Every structure is written in structure tokens, then in C-alpha cells.
Amino acid sequence: MFNYTKILLLSFALVAFFSAHTCVQDSNTSVEYIVPPKVESKKPSKLSTHDENSFDKCSKITRGVLITFCGSCHQSTLDSHKADAIKVFDLDLGVNWHTSLSQENLEGIARRTQNKDITEHEKEAITAFLKTKDLQLKQ
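Caption draft 1: The arrangement of the packing of aromatic side chains in detail. One pass over the structure, following the stated rule, counts three aromatic pairs. Centre to centre, the rings of phenylalanine 55 and phenylalanine 129 are 5.4 Å apart; their planes meet at 20°, and the pair counts as stacked. You can see phenylalanine 55 sitting in helix α2 (residues 52-74) and its partner phenylalanine 129 sitting in helix α5 (residues 120-138), a full 74 residues away along the chain. Judged by its relative accessible area of 0%, phenylalanine 129 falls in the buried class. Aromatic ring contacts, followed pair by pair, group Phe55, Phe89, Trp97 and Phe129 into a single cluster.

Spelled out as C-alpha cells, the structure:
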């Protein structure tokens, strides 16, 4: 037991010595501070609601977000899907996932995605998608 105590105390002493030694700065060396480069924050560009390519892009982003948060009910290929949810929209339809949406469904998507942990770019894309789809439904 006595040898164990001596080894333990010696270990602590060595750790303390090396810790203190590495913290001491040599007075002959200069310290250079690394300043990170200044990064300008770019505001995401506003997505157009009239451009067909932009609509497809926004639809794809919206679908991705919905797969994350709503996919368990709205993907017909999953065992967890719900028949009534699939009638509203089926995320497994790819680019055509939104063809069965109604005005009421758009409001539901807006409500269900507003408090989710998603990026500003995703929020912007969802808003643009919903506005464009709303315009399509009114025509």
C-alpha cells in the first residue's frame, strides 16, 4: 500500500510540474495573436415567386424540410404513413408531391413549419413556395 501511495504522489507531482512548465512563457519569444478573417455576412437573396426554376427549387427545399418533420405520416413508402395524410400530400411523389395541396393545406404547412429548427434560407424557400402555390390555386 505504501508503494502505491508513493507512485500516486509522484504521478501527481509530475503532472503538476509539466502542467506548470508548459504554462510558463519564454521571455525571449514574442506572442503573435491570430486574428480570424472578417467574414461579411451575406443576406440570402430573395427567392422569386414567379420564376419556374425558383418555384421548383423552393418546392424541393420545402419537400426536404417536410420529409424531416412530417415524413413519417406523409411518405407512402414508410410503414408509419397515415392514409389520410397521404391523401393530403405524398412526399414520395418527388417533384409532384404538391399537386394535391389545397389552400387549407398550405396554411397547415405554414403553421407546422413556423416553429421548427430550420435555416433562414429554408424558411425563405418555404414562404416563396407557399406564395407561388397559393397563386397557382387561385388561377
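Caption draft 2: Here's a closer look at helix α4 (residues 103-113). Looking only at α4, the buried set comprises Asn105, Leu106, Gly108, Ile109 and Thr113. Looking down the long axis of α4, one finds its buried residues gathered within 160° of arc, a one-sided arrangement. Across from the buried face of α4, at angles greater than 90 degrees, the exposed residues are Glu104 and Arg111.

Caption draft 3: Highlighting the nonpolar core. With 18 residues, the main nonpolar core has Leu66, Phe89, Trp97, Leu101, Ile109, Phe129 and Leu130 as its most contacted residues. Of all the elements in the fold, those that place two or more residues in this core are α2, α4 and α5. Per-element accounting of this core gives the leading share, six residues, to α2. With sequence-adjacent residues up to four places away left out, isoleucine 109 is seen in contact with Leu66, Phe89, Trp97, Leu101 and Leu130.

Caption draft 4: Structural detail: the side chain of aspartate 90. Summarising the element assignment, aspartate 90 is placed in the loop between α3 (83-88) and α4. No salt bridge is formed by the buried aspartate 90; the nearest opposite charge belongs to arginine 63, separated by 7.5 Å. Side-chain polar atoms of aspartate 90 contact the side chain of serine 76, separated by 2.7 Å. Leave out the neighbours within four places in its chain, and aspartate 90 touches His74, Gln75, Ser76 and Trp97.

Caption draft 5: Fine view of α5. The end-to-end C-alpha distance of α5 is 27 Å, a good match for the 27 Å that 19 residues give at a rise of 1.5 Å each. Those residues of α5 lying buried are Glu124, Ala125, Ile126, Ala128, Phe129, Leu130, Thr132, Lys133 and Asp134.

Caption draft 6: How the structure looks around the side chain of histidine 74. Mapped onto the elements, histidine 74 comes out in helix α2. For histidine 74, a relative accessible area of 13% puts it in the buried group. Here the side chain of histidine 74 touches alanine 85 through a polar contact of 2.9 Å, landing on its backbone oxygen. In contact with histidine 74, other than residues within four places in its own chain, are Ala85, Ile86, Val88, Phe89, Asp90, Leu91 and Asp92.

Caption draft 7: Summary view of the pattern of salt bridges. Taken as a whole and assessed by the stated rule, the structure comprises three salt bridges. In this structure, the salt-bridge partner of lysine 87 is aspartate 84, at a minimum N-O distance of 3.8 Å. Here lysine 87 pairs with aspartate 84, and both are found in helix α3, just three residues apart, close to one helical turn. An identical accessibility class is assigned to lysine 87 and aspartate 84; each is exposed. Glutamate 120 serves as the salt-bridge partner of lysine 123, at 3.5 Å between the closest nitrogen and oxygen. With lysine 123 and glutamate 120 both in helix α5 and three residues apart, this pair spans about one turn of that helix. On the basis of relative accessible area, lysine 123 is assigned to the partly exposed category, the value being 32%. Judged by its relative accessible area of 55%, glutamate 120 falls in the exposed class.

Conventions we followed
Residues numbered from 1 in each chain as written. Predicted model: local features only at pLDDT ≥ 70, side-chain atom pairs only at ≥ 80, totals over all residues. Heavy atoms only, no water. Phe/Tyr/Trp six-rings, centres within 6.5 Å; stacked < 30°, edge-to-face > 60°. Helix = DSSP H or I, 4+ residues; strand = E, 2+ residues; numbered from the N terminus. Buried < 20%, exposed > 50% of the residue type's maximum accessible area, 1.4 Å probe, protein only. Arc of directions from axis to C-beta. Core = buried A, V, L, I, M, F, W, Y, C linked by side-chain atoms within 4.5 Å. Contact = heavy atoms within 4.5 Å. Lys, Arg positive; Asp, Glu negative; His and termini not counted. Salt bridge = Lys/Arg side-chain N within 4 Å of Asp/Glu carboxyl O. Polar contact = N/O pair within 3.5 Å; in protein donor to acceptor, adjacent residues only side chain to side chain. Expected span 1.5 Å × (residues − 1).

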